[in-house]
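Summary of the model geometry
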Amino acid sequence: MALVLHAGTGNKNAFKALITAEYSGVNVELVKNFEMGVSNKTPEFLKMNPLGKVPVLETPDGPVFESNAIARYVARLKADNPLYGCSLIEYAHIEQWIDFATTEIDQGIARWFYPRTGYMPYLPPAEEAAIAALKRSLGALNTHLANNTYLVGHSITLADIIMTCNLYLGFVRVMTKSFTSEFPHVERYFWTMVNQPNVHKVVGEVKQAESVFPVQSQKKPAQPKEPAKPKEAKKEAKKEAPKEAAKPKAEAVAEDEEEAPKPKAKNPLDLLPPSKMILDEWKRLYSNTKTNFREVAIGGFWEMYDPEGYSLWFCDYKYNDENTVSFVTLNKVSGFLQRMDLARKYAFGKMLVIGSEPPYKVKGLWLFRGKEIPQFVLDECYDMELYEWTKVDITDEAQKERVNAMIEDQEPFEGQALLDAKCFK
Amino acid sequence: MALVLHSGSTNKNTFKVLVAAEYCGVNVELVKNFKMGVSNKTPEFLKMNPLGKVPVLETPDGPIFESNAISRYVARLNADNPIYGTSLIEYAHIEQWIDFATTEIDLNISRWFYPRAGYSPYIPQAEEAAISLLKRALGALNSHLATNTYLVGHGITLADIIMTCNLYLGFIRLMTKSFTSEFPHVERYFWSMVNQPNFSKVMGKVEQTPYVQPLQSQRNPQSKPKQLKKEIKKYLVKESS
Ligand SMILES: N[C@@H](CCC(=O)N[C@@H](CS)C(=O)NCC(=O)O)C(=O)O
Ligand SMILES: N[C@@H](CCC(=O)N[C@@H](CS)C(=O)NCC(=O)O)C(=O)O
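Residues numbered from 1 in each chain as written. Chains lettered and ligands numbered in written order. Predicted model: local features only at pLDDT ≥ 70, side-chain atom pairs only at ≥ 80, totals over all residues. Heavy atoms only, no water.

As recorded by UniProt, the Sequence similarities (unreviewed entry) comment attached to chain B reads in full: "Belongs to the GST superfamily." Its UniProt record gives chain B a comment under Function (unreviewed entry), which states: "Probably plays a role in anchoring the complex to other cellular components." (UniProt positions renumbered as here; feature names shortened; annotations may be inferred.)

Per an unreviewed UniProt entry, chain A goes by Elongation factor 1-gamma and derives from Dioscorea zingiberensis. The record in UniProt for chain A states the following under Subunit (unreviewed entry): "EF-1 is composed of four subunits: alpha, beta, delta, and gamma." Within the UniProt record for chain A, the comment given under Function (unreviewed entry) is "Probably plays a role in anchoring the complex to other cellular components."

This paragraph deals with the interface of chain A and chain B. Each side of the interface is counted separately: chain A has 76 residues, and chain B has 64 residues. Of the roughly 6,200 Å² buried between chain A and chain B, counting both surfaces, carbon and sulfur atoms make up 61%. A per-residue breakdown of the area chain A buries against chain B is headed by Leu51(A), Arg76(A) and Glu385(A), which together make up 10% of the total. Summed over the shared surface of chain A and chain B, the number is 6 salt bridges. Linking chain A with chain B are 16 residue pairs in polar contact (both at pLDDT 80 or more). Contributions of two or more residues to the side of chain A that touches chain B are made by β4 (62–65), α3 (67–76), α4 (88–117), α5 (124–146), β5 (310–317), α14 (326–339), α15 (375–380) and β8 (387–391) of chain A. Top contributing element to the side of chain A that touches chain B by residue count: α4(A), with 15 residues. Here the residues of the side of chain A that touches chain B sort into 36 nonpolar, 18 polar and 22 charged. (Contact = heavy atoms within 4.5 Å. Buried area = accessible area lost by both parts, 1.4 Å probe. Salt bridge = Lys/Arg side-chain N within 4 Å of Asp/Glu carboxyl O. Polar contact = N/O pair within 3.5 Å; in protein donor to acceptor, adjacent residues only side chain to side chain. Helix = DSSP H or I, 4+ residues; strand = E, 2+ residues; numbered from the N terminus. Nonpolar A, V, L, I, M, F, W, Y, C, P; charged D, E, K, R; others polar.)

Any two side chains of opposite charge can pair, so long as their charged atoms come close to each other. Scanning the entire structure with this criterion turns up 28 salt bridges over all chains. Across the pair Arg344(A) and Asp341(A) runs a salt bridge whose closest N-O atoms are separated by 2.8 Å. Where Lys12(B) meets Asp106(B), a salt bridge forms, and the shortest distance between an N and an O atom there is 3.4 Å. Of this pair, Lys12(B) sits in helix α1 (residues 12–24) while Asp106(B) is found in helix α4 (residues 88–117), placing the two residues 94 residues apart along the sequence. Assigned by exposure class, Lys12(B) and Asp106(B) land together as buried. One connected set of salt bridges, linked through shared partners, spans Arg72(A), Arg76(A), Glu95(A), Arg72(B), Arg76(B) and Glu95(B). (Buried < 20%, exposed > 50% of the residue type's maximum accessible area, 1.4 Å probe, protein only.)

Here the focus is the packing of α4(A) against α4(B). It is the contact of α4(A) with α4(B), at a shortest axis distance of 12 Å, that shows an interaxial angle of 40°. Viewed along their axes, α4(A) and α4(B) adopt a mutual orientation that is oblique. Of the two possible hands of crossing, α4(A) and α4(B) adopt the one that is right-handed. Residues Glu95(A), Thr102(A), Thr103(A), Gln107(A) and Arg111(A) of α4(A) pack against Glu95(B), Thr102(B), Thr103(B), Leu107(B) and Arg111(B) of α4(B). The residue inventory of the contact of α4(A) with α4(B), partitioned by class, reads 1 nonpolar, 5 polar and 4 charged. (Axes fitted to C-alpha atoms, helices over the stretch in contact; angles between N-to-C directions. Parallel < 35°, antiparallel > 145°, perpendicular 65-115°, else oblique. Left-handed = near helix turned anticlockwise from the far one by under 90°.)

Residues and elements named next belong to chain A. In this structure, Leu 141 and Leu 167 are the most contacted members of the largest nonpolar core, which totals 145 residues. Other than its neighbours up to four places away in sequence, Leu 141 contacts Trp 97, Phe 100, Ile 105, Leu 151, Met 163, Leu 167 and Val 186. In terms of nonpolar packing, the next biggest core, distinct from the first, is built from 29 residues, Trp 313, Leu 337, Val 353 and Leu 386 among them. (Core = buried A, V, L, I, M, F, W, Y, C linked by side-chain atoms within 4.5 Å.)

Taken together, 14 residues lie near ligand 1, and Lys41(A), Val54(A), Glu66(A), Ser67(A) and Arg136(B) sit nearest. At the site occupied by ligand 1, the surrounding residues belong to chains A and B. One of the side-chain N or O atoms of Lys53(A) is found 3.5 Å from an oxygen atom in ligand 1. Within the complex, 77% of the 520 Å² of free accessible area of ligand 1 lies under protein. Taken together, the residues of the shell around ligand 1 break down into 3 nonpolar, 6 polar and 5 charged. (Near = heavy atom within 4 Å. Areas by Shrake-Rupley, 256 points an atom, 1.4 Å probe, with all protein chains shown as cover.)

Now for the sheet that holds strand β7 (residues 361–369) of chain A. Residues and elements named next belong to chain A. Strand order in the open sheet made by the 5 strands is β8-β5-β7-β6-β9, with antiparallel pairing throughout. The open sheet is flanked by β8 and β9 (418–424), the only strands paired with a single partner. Here the average twist between neighbouring strands, direction ignored, is 15°. As paired elements, β5 and β8 share 5 bridges and run antiparallel to each other. Considered in β8, the bridge of Phe 314 is made with Thr 390. Against the sheet, α14 engages β5, β6 (347–354), β7, β8 and β9, with an angle of about 10° to β9. (Pairing = 2+ DSSP bridges.)

Under the present numbering, the feature "domain: GST C-terminal" (unreviewed entry) in UniProt falls on residues 87–211 of chain B. The annotated region residues 87–211 of chain B carries 73% helix and 0% strand content, and the separation between its end C-alpha atoms amounts to 42 Å.

Those places that UniProt annotates as "domain: GST N-terminal" (unreviewed entry) correspond, in this numbering, to residues 1–82 of chain B. Secondary structure content for residues 1–82 of chain B is 37% helix and 18% strand, and the end C-alpha separation is 23 Å.

Take helix α6 (residues 158–173) of chain A next. With 16 residues, α6(A) extends 23 Å from end C-alpha to end C-alpha; this agrees with the ideal 22 Å at 1.5 Å per step. The buried fraction of α6(A) amounts to 14 of the 16 residues, a majority that puts the element mostly inside the structure. (Expected span 1.5 Å × (residues − 1).)

Now for the site of ligand 2. In the vicinity of ligand 2 lie 13 residues, with Arg136(A), Lys41(B), Val54(B), Glu66(B) and Ser67(B) positioned nearest. The environment around ligand 2 is built from residues contributed by chains A and B. Side-chain polar atom of Lys41(B) to an oxygen atom of ligand 2: 2.6 Å apart, as the coordinates give it. Ser67(B) has a polar side-chain atom sitting 2.5 Å from an oxygen atom of ligand 2. For ligand 2, whose accessible area on its own is 510 Å², the fraction buried by protein is 77%. Here the shell around ligand 2 is composed, by residue class, of 3 nonpolar, 6 polar and 4 charged.

Per the stated rule, a full pass over the model turns up 42 aromatic pairs over all chains. Ring centres 6.1 Å apart and planes at 75° place the aromatic pair Phe65(A) and Phe100(B) in the edge-to-face group. Separated into two different chains, Phe65(A) in strand β4 and Phe100(B) in helix α4 make up a pair that spans both. For Phe65(A), a relative accessible area of 2% gives the class buried. Between Phe190(A) and Trp191(A) the ring centres are 5.1 Å apart and the planes differ by 75°, which places this aromatic pair in the edge-to-face class. (Phe/Tyr/Trp six-rings, centres within 6.5 Å; stacked < 30°, edge-to-face > 60°.)

Moving on, we come to the state of the cysteines. Each disulfide consists of one covalent bond between the sulfur atoms belonging to two cysteines. Across all of its chains, the model carries 0 disulfides over all chains by this definition. Counting only cysteine sulfurs, Cys24(B) is the nearest neighbor of Cys165(B), a cysteine outside any disulfide, at a range of 13 Å. (Disulfide = S-S within 2.5 Å.)

On to the domain arrangement of chain B, then. All names here are of chain B. By the assigned domains, chain B splits into domain 1 (3–82) and domain 2 (84–203). The C-alpha centroid of domain 2 is placed 21 Å from the C-alpha centroid of domain 1. At the junction of the two partners, domain 1 supplies 15 residues and domain 2 supplies 21 residues. Here domain 1 is connected to domain 2 by 3 salt bridges. The closest approach of N and O atoms between Glu 22 and Lys 201, which form a salt bridge, is 3.0 Å. At the junction of domain 1 and domain 2, the tally comes to 8 residue pairs in polar contact (both at pLDDT 80 or more). Of all elements in the fold, only α1 and α3 (67–77) reach the threshold of two or more residues within the side of domain 1 that touches domain 2. Considering each element in turn, the side of domain 1 that touches domain 2 owes the most residues, 8 residues, to α1. Its residues assigned to classes, the side of domain 1 that touches domain 2 comprises 7 nonpolar, 3 polar and 5 charged. (Domains from an automatic or database assignment.)

Set out below in structure tokens:
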């Protein structure tokens, strides 16, 4: 009697069980008329796998999910299956490479591929990190395969089947020849594996991707509150944002109102003489100006600006030579802005990450209530001391123009491209 | 003779092995003077694991890496160990939940935690996606545990050990009470597991985090001398006068 496997065709996770079945002489059949997103959401299916994912194998003793667990089960159906090794240490090494194939290889490929398909947010710095992690893993695999034909011992084991299926997704979708040529032993291994008759029978002809899978538009757009988008996306987002930008604003105001009656210790800044400049008005103008930014927003800024009630500051990161990894640098800046949350009512800031190659420079512009940097900010936000602070002399036209360029994310900035520009508002 | 485990001491992946060893009466010892980022980058270490990650177990037959594979090996050292199940379908279910704990639970906890800890890019949308996938996985786990005390059968298996260690990172770093209260059976399960003597011997007392791990700056504020701050203040006063 055949065991029934629930999955669509062409699913690399289902291949694991099907190839294992070929090697083990076990009869496994794909369920008929499986429809992804429908068949796996029925109550009967959820009884087999509460997560509603495929593959699931039906056995005489009940269902099994998770593709590796299914493949193992199928392998064990044949007594003393050589796929499973023949000693305790061989089992262990087979399992070690199965887990490596899953946690290191498959994860790296999945984090590269799935965001491009539109099922998850596509974020360039996340992709960059995924690719870097994947390269590290492929490098380790390449080292191992330099002296080993197969992952464990001298013949094909379950580890090879699972590794090959995981690599398969990478080879057909994202890893082009120029990417994989850095890992010649992995290439040799993969092509040997997919040409084994038992693998070929299930997977068919395999063709390496000629280009990285293109980014699809997002299917289910997430609606983050404060998108940290890379620079390229920035301009467009500005165009699209008007209605959305108005909403969080309204919420922020509502929060402030709710907070008002609470008997809180007054911030000394609240005791300053009133200013004609209303910070929220400026923030609204900044967020809502989509065209003619120079005249409308920047022009408006200088009309509103009150040098008696506010001050402008340039900041310059002191350790720019350490900014050698783009995402680490971006994290640093995001973390700073998060920690500035306590100053939201009294500050506005722009932070630029400058340069197209490391080391990146981090520079910023801040508007603070009062003529000095507020004491509570210096006390509570430790990032402050990582920057050199210089008060802007607004009588100096060159400095004023630098302020404008920073508010506007002008590019090139001081002769260099911007990696990212973040706004605190 | 004790098997030597290469790893720092308080890492959840190490806990898997140490707890499994407790259950199986196997003698596993942590290597002395392990230094993360140093010991695991030496040529000798890379011979044991070309990726340079911990944990790695030294056995009389050579090294093993990947924490789940190591735990399985330890469990198998004791023949007919009930933590590995007693029938083909029990093995399969144990492995199913081990893989679920890894690909659905741990992965999403990691994607939530590591960026915050400063090990990979922090991107709000990516975090949001990870949290929603984690909730989906916890929801599925919660429905399973609504009618099951343990993941498989009527006693603790290796699946429970690995699941608990993976949940542990979440409970102590990210998943506050208000987050987990949506998954009451997972809560009940987790607390009853970490209070088992073999677990608490390895993990000590476990406390749920009162807040989500804050986003770390790459630079440790404590490493800065106070004096510097004073200098800046002086400088600021001078500037603004
Ligand atoms: N770790 C699981 C992953 C399974 C998985 O992600 N399956 C996808 C298709 S490849 C799925 O069923 N997705 C449907 C869904 O997310 O609802 C395994 O190896 O079986
Ligand atoms: N899937 C592996 C993960 C191991 C892992 O990520 N280990 C981390 C510490 S928890 C490590 O060694 N990191 C060092 C590095 O990345 O160089 C396992 O379960 O053993």
